[in-house]
Amino acid sequence: MAPTNTLDISFPTDEEILITRTVNAPRHLVYKAWTTPELVRRWWPGRRGGMTVADMDFRVGGAWRYVMVAHGEFEVAFHGTYREIIPNERIVHTEVMETPGTRPDREEGAVVTTVTFEEADGGATVVRIRTNAGSKEVRDMIAQSGMEGGVREQFEIIEELAAALG
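From a predicted model like this one, the values you see are computed outputs, not experimental measurements.

(A) Focus on the overall build of the protein chain. Per the secondary structure count, the protein chain includes four helices and eight strands. Walking the protein chain from its N terminus toward its C terminus, one meets helices and strands in the order β-β-α-α-β-β-β-β-β-β-α-α. Against the 2.2 N^0.38 benchmark of 15 Å for 166 residues, the protein chain shows a C-alpha radius of gyration of 15 Å, consistent with a compact globule. Projected onto its principal axes, the C-alpha coordinates of the protein chain cover approximately 45 × 35 × 35 Å. In the protein chain, buried positions account for 45% of the 166 residues. Excluding contacts between residues fewer than 6 apart, the proportion of contacts in the protein chain whose partners are at least 24 apart in sequence is 47%. Here the protein chain has roughly 8,600 Å² of accessible surface; of this, 50% comes from carbon and sulfur atoms. Taken as two groups, the 18 positive and 26 negative side-chain charges of the protein chain have centres that lie 2 Å from each other.

(B) Focus on the side chain of His-79. Along the chain, His-79 falls in strand S5 (residues 75-86). Here Glu-98 takes part through its side chain, which lies 2.8 Å from a polar atom of the side chain of His-79.

(C) Here's a closer look at unusual backbone geometry. Here the phi dihedral of Asn-88 falls at roughly 65 degrees; this positive angle occurs in a residue that is not glycine. Tracing the sequence through the fold places Asn-88 in the loop between S5 and strand S6 (90-97). On the basis of relative accessible area, Asn-88 is assigned to the partly exposed category, the value being 26%.

(D) Quick peek at the nonpolar core. Counting 37 residues, the largest nonpolar core has Trp-34, Val-127 and Phe-155 as its most contacted members. With seven residues, helix H4 (residues 147-165) is the largest single contributor of residues to this core. Those residues within four positions of Phe-155 in sequence are excluded, and the remaining contacts are Leu-7, Ile-19, Arg-21, Val-23, Trp-34, Val-127 and Ile-129.

(E) Seen up close, the sheet that holds S5. One open sheet accounts for eight strands, arranged S1-S2-S8-S7-S6-S5-S4-S3; its pairing is antiparallel. Each having just a single partner strand, strand S1 (7-10) and strand S3 (49-56) make up the two edges of the open sheet. In this sheet, adjacent strand axes meet at a mean angle of 20 degrees when their direction is disregarded. Bridge count for strand S7 (residues 111-119) against strand S8 (residues 125-132) is eight bridges, and the pairing is antiparallel. What sits directly across from Thr-113, in S8, is Thr-131. Along the sheet, helix H1 (residues 27-35) contacts strand S2 (16-23), S3, S5, S6, S7 and S8; its crossing angle with S7, the most-contacted strand, is approximately 150 degrees. The strands touched by helix H3 (residues 136-143) are S2 and S7; relative to S2, the strand with the most contacts, the crossing angle is about 40 degrees.

About the cut-offs
Residues numbered from 1 in each chain as written. Predicted model: local features only at pLDDT ≥ 70, side-chain atom pairs only at ≥ 80, totals over all residues. Heavy atoms only, no water. Helix = DSSP H or I, 4+ residues; strand = E, 2+ residues; numbered from the N terminus. Rg over C-alpha atoms; globule rule 2.2 N^0.38 Å. Buried < 20%, exposed > 50% of the residue type's maximum accessible area, 1.4 Å probe, protein only. Contact = heavy atoms within 4.5 Å. Areas by Shrake-Rupley, 256 points an atom, 1.4 Å probe, with all protein chains shown as cover. Lys, Arg positive; Asp, Glu negative; His and termini not counted. Charge placed at Lys NZ, Arg CZ, Asp CG, Glu CD. Polar contact = N/O pair within 3.5 Å; in protein donor to acceptor, adjacent residues only side chain to side chain. Core = buried A, V, L, I, M, F, W, Y, C linked by side-chain atoms within 4.5 Å. Pairing = 2+ DSSP bridges. Axes fitted to C-alpha atoms, helices over the stretch in contact; angles between N-to-C directions.

Put into structure tokens, the structure is as follows:
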């Protein structure tokens, strides 16, 4: 199998964040973990809390909303809309972090995220998450939010789930 556990974060442009991680599991299983609500519920909060909502209308034009209660007892919620879905290959969606006064049916301030799943040597999968934040300020705010540790935990759990599915 290809080496895993290396999370690479780069900034291809002033507005983008690119996260790359090789997952030691076949692409179709990684995609299944990424797109199945009961599995998303297990990996999305990382090891930082519990998920209370994992709503996914997984189709182009469909909406999604994830809510977790972090160990510190505060709620974290995101929502968006699916723009493109190519099974086992690519998902493009908007993403809004909800703040007080944010309506889950609105997309003001949305970033656009493209997730790709690429087969790698030895049955592994390279996952790339490219987020276009719309500005350097928003990109930097996301990068400095502590998201790296959370994303690292998410991928560890995705790898465990995908292995268990196999």
